[in-house]
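Listed below are the residues making up each chain.
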Amino acid sequence: MESDKHQAERKTLDERAKMTELERIRHSCAHVMATAILRLWPDAQFAAGPPVENGFYYDVDLQHRISPEDFPKIEEEMKREIKANRVFEKIVVTREQAMKDAQSGRLGGLRERPAPSKFKIGNLEDIPEGEPISYFKNGDFIDLCAGPHVMRTGNIGAFRLTSVASAYYKGDEKNPQLQRIYGTAFKNKTELEAYFTMVEEAKKRDHRKIGQEMGLFAIDTEFVGPGLPLWLPKGAAIVEELERLAKETEFAAGYVRVKTPHIAKEKMYLTSGHLPKLYAESMFPPMEFREKQLTGEFAGAERIYQQAASAKQDIELDEEESWLIEHYNELREKRTPGTELSDESREYLASLPSDKAKEAVNCAMERFLVDLGRLSMKDKAEAMLPPIERYYLKAMNCPHHHRIFAAEPRSYRDLPLRLAEYGTNYRYEQSGELFGLMRVRSLNMNDAHIYCQPEKFTEEFNAVNELYLKYFKIFGLEKYVMRFSTHDPKRLGEKFVNEPELWIQTENMVRDVLKSSGINYVEVPNEAAFYGPKIDVQVWSAIGREFSIATNQVDFAVPKRFGLVYRDRDNTDKTPLCIHRAPLGTHERFIGFLIEHYAGNFPLWLAPEQVRVLTIGDDPPLVDYAKSTVAELRDNMVRASGDYGTDPIKAKIANAEQAKVHTMLVIGARDMAAHAVSVRLHGKGNVGAKPKGQVVAEILAAIKERLA
RNA sequence: GCCAGUUUAGCUCAGUGGUAGAGCAACGGUUUUGUAAACCGUCGGUCCUCGGUUCGAAUCCGAGAACUGGCUCCA
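These remarks concern the structure in this document. (Residues numbered from 1 in each chain as written. Chains lettered and ligands numbered in written order. Predicted model: local features only at pLDDT ≥ 70, side-chain atom pairs only at ≥ 80, totals over all residues. Heavy atoms only, no water.)

### As for the overall build of chain A
Selection rule: A run of DSSP states H or I qualifies as a helix once it reaches four residues; a run of E qualifies as a strand once it reaches two. Both are numbered from the N-terminal end. Working definition: with a 1.4 Å probe on protein chains only, accessible area under 20% of the residue-type maximum means buried, over 50% means exposed, and in between means partly exposed. When checking whether two residues touch, look at their non-hydrogen atoms; a contact exists if any pair is within 4.5 Å. Residue-level accessible areas treat just the shown protein chains as cover; the underlying method is Shrake-Rupley with a 1.4 Å probe.
For chain A, the helix and strand inventory stands at 24 helices and 28 strands. Scored against the burial criterion, the 708 residues of chain A give a buried share of 49%. Here the contacts in chain A between residues at least 6 apart in sequence split such that 73% fall between residues at least 24 apart. Only carbon and sulfur atoms are counted for the fraction: they give 51% of the accessible area of chain A, which is about 35200 Å².

### Describing the pattern of salt bridges
Just so we agree on the cut-off: Definition used for salt bridges: Asp or Glu carboxyl oxygen within 4 Å of a side-chain nitrogen of Lys or Arg.
Under the criterion given, the structure shown has 36 salt bridges. Taking the shortest distance from any N to any O, the salt bridge between Arg-410 and Glu-408 comes out at 3.7 Å. For Arg-410, a relative accessible area of 12% translates into the label buried. When its relative accessible area of 48% is taken as the criterion, Glu-408 is described as partly exposed. One network of salt bridges, with partners in common, ties together Arg-39, Glu-77, Arg-80, Glu-81 and Arg-86.

### Focus: the layout of surface pockets
For clarity, the threshold we go by: The definitions used throughout rest on a 1 Å grid laid over the protein atoms alone, on which a cavity is an enclosed set of points accommodating a 1.4 Å probe that cannot get out and a pocket is an open set flanked by protein within 12 Å on both sides along at least five of seven lines; lining residues are those having an atom within 4 Å of a point. Grid points are joined across faces, edges and corners, and a volume is the space filled by probe spheres set on the points. When residues are sorted by character, Ala, Val, Leu, Ile, Met, Phe, Trp, Tyr, Cys and Pro go into the nonpolar class, Asp, Glu, Lys and Arg into the charged class, and all the rest, Gly among them, into the polar class.
In this structure, the second largest pocket occupies an estimated 1700 Å³ of space. Tyr-279, Ser-282, Arg-427, Glu-429 and Lys-534 are, among the 46 residues lining the second largest pocket, the residues nearest its centre. Going through the elements one at a time, strand E16 (442–452), strand E19 (534–540), strand E20 (546–555), strand E23 (577–582) and helix H20 (587–598) are the ones with two or more residues in the lining of the second largest pocket. It is E20 that provides the largest number of residues to the lining of the second largest pocket, a total of six residues. Taken together, the residues that form the lining of the second largest pocket break down as 17 nonpolar, 13 polar and 16 charged.

### Quick notes on the protein's contact with RNA strand B
To keep it simple, the criterion reads: One heavy atom within 4 Å of a molecule or strand makes the whole residue count as near it. N or O atoms within 3.5 Å of each other form a polar contact, as long as, within protein, one can give a hydrogen and the other can take it, and as long as residues adjacent in sequence are counted only when both atoms are side-chain atoms.
Near RNA strand B, the surroundings consist of 52 residues, among which Tyr-168, Ser-431, Arg-439, Thr-646 and Gln-658 are the closest. Atoms of RNA strand B within 4 Å of the protein: sugar and phosphate make up 47%, bases the balance. The separation between a base nitrogen of RNA strand B and a polar side-chain atom of Glu-657 is 3.1 Å. Contact distances for RNA strand B include 2.9 Å between a base nitrogen and a side-chain N or O atom of Ser-678. For the surface near RNA strand B, the secondary structure elements donating two or more residues are strand E7 (158–168), strand E8 (177–186), helix H8 (207–214), E20, helix H22 (649–658), helix H23 (669–673) and strand E27 (676–681). Among the residues forming the surface near RNA strand B, the class breakdown is 18 nonpolar, 18 polar and 16 charged.

In structure tokens form, the structure reads like this:
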């Protein structure tokens, strides 16, 4: 199974040959790093050392625990190897020769060693029969490697080791744990430095840090739970602006809004196919209960006993009855199944007087003892209880929306039906996955489902893409790519619903749209949703970091499972196609992204604090003038506040700048006399005094147009 | 979930076995000010939690929680 997966992900030689220049540099640098590590620790066992998005790594098994303090000496050795400018020599060998060299410890080594190159043996076994086997050699270092590489070690322009982490051999936790040494390399020093500048900038823009400083959100792990962010007022302001944006654009595009509950019965997800297996581990465990019943094996007796106990307070019990209650309490505590009712107890029961309170006691006693004594009675009681219901927190909105589709008969004239909702979804992310706002367990989705006739798919899908591009423009996202994920025919019925023709058909439709619309996309096999092909939208922030923000999926399977139909022109029932789309993804992740993108300096329309009016001193007439300015803005739904205290104006400005208030209006005696305000923009400084009316109008216009 | 590291005041962080600290914030007062921080004072702590070692634990050990960096997964 694992090796199967491994095979599926294994790069073909053709794909490898497509390695970019930068990837070759990085991959070669990994070999140089291995060379250096072997000089320092000759017994190191290497596993895999590929180029990755921001550099490269090499997995190594080594007694010594490599820490960043070791980096300088490793880098020293690496520099020596680069300076020696050795040729990367490709050597093609037979499988037998390779196995022999691996056994002798020569592969991933500088010379033959006492221990065999155990991971290289494993790697060798993964190479399919018939594929050529090659080494790459630089100096003494020989590695099992398909390449390609740069010509010489000297072609590695600039590099640096960055971190060390742990990783399992072949990514499988059953395999030994290795030390993964990360580094990065570039054509030249300038590019290397630019990269580290970007990394530094990303640290400064970390959404968790800025979110804390600006008071946007809080994660209260003790009372609310990990991965369940609380939106503070300033963060909620951003959420609301995004919702407003989506509502406006979706309204214009013919969407209708719906609202659905946060939970649903198990049947919902058994029908959708998320349960029992496909999505179960991403969902919170269910809430289980019986309708209007106490739970527990003695629920019925318990309730009667409670009645008896409350009745007891109002009446006087004789000695006998008191004994009975006590006796019952005692039995109740023991609760030993299989205990038979004693003759004595029976007699007491039989001899009880029959007034109301005593009857209740009697009843409780009898019921309890029956339950206690005879398991078969317990089972009978169980059968008489209502069945246990299981409710799940929704991890996605689509099943609820499908039920909305099903709630009324649909004609082809009703289509496309575009149902939009801001639902909160709950996903049980593994604890190690949680990360600020970027990976959470409660997700606010800008979600919608479009039900359409298959022949209208192209049109609808195009419209969705247009919507995405519109949003990119508003947020100033210049670089994006649509990752088009398709299915793997080998995993039908397991990871993907078993509908081979529909998969091919819908994937072709999506591909055609992407091609003909000229949208920038890449195709990724084997990563589709279980119900259909998927498009993940990747965008790059202002500092060039990549984020997966939005998703867009085609669903040909689940509407069918729910039996959704519309009456077509030819008077037959047909199943609609469903497009899932969430252009702003989750508000959590999207805002996390925006924080980095804008470094917390949001455009006016998004800024949590749009305007702050600062008075120079606290003379009452001045404060009145300032307050009337704030009131005028707030009447127009501008998030404006005032700082009317006695702090020096420099201090008020420093506070406002630190809070990243977009527009500061400074008001002194001079301004008041001229019916003006002095405008200062965050990060841009003083832009001078202007008539108050003009400033207000400009602010309102900038907000309305969502200017960057 | 797995591996490693971290956790001290609201925030940022000092404090390596002997009385728990600083700056900022908050609060009280003084200051009446023109574009990034005026002064004085006060308050604030279960040193993540539980257990152990010790005459004595923020500090050493063990378990747990949360966070961070990776792995796997993903919006």
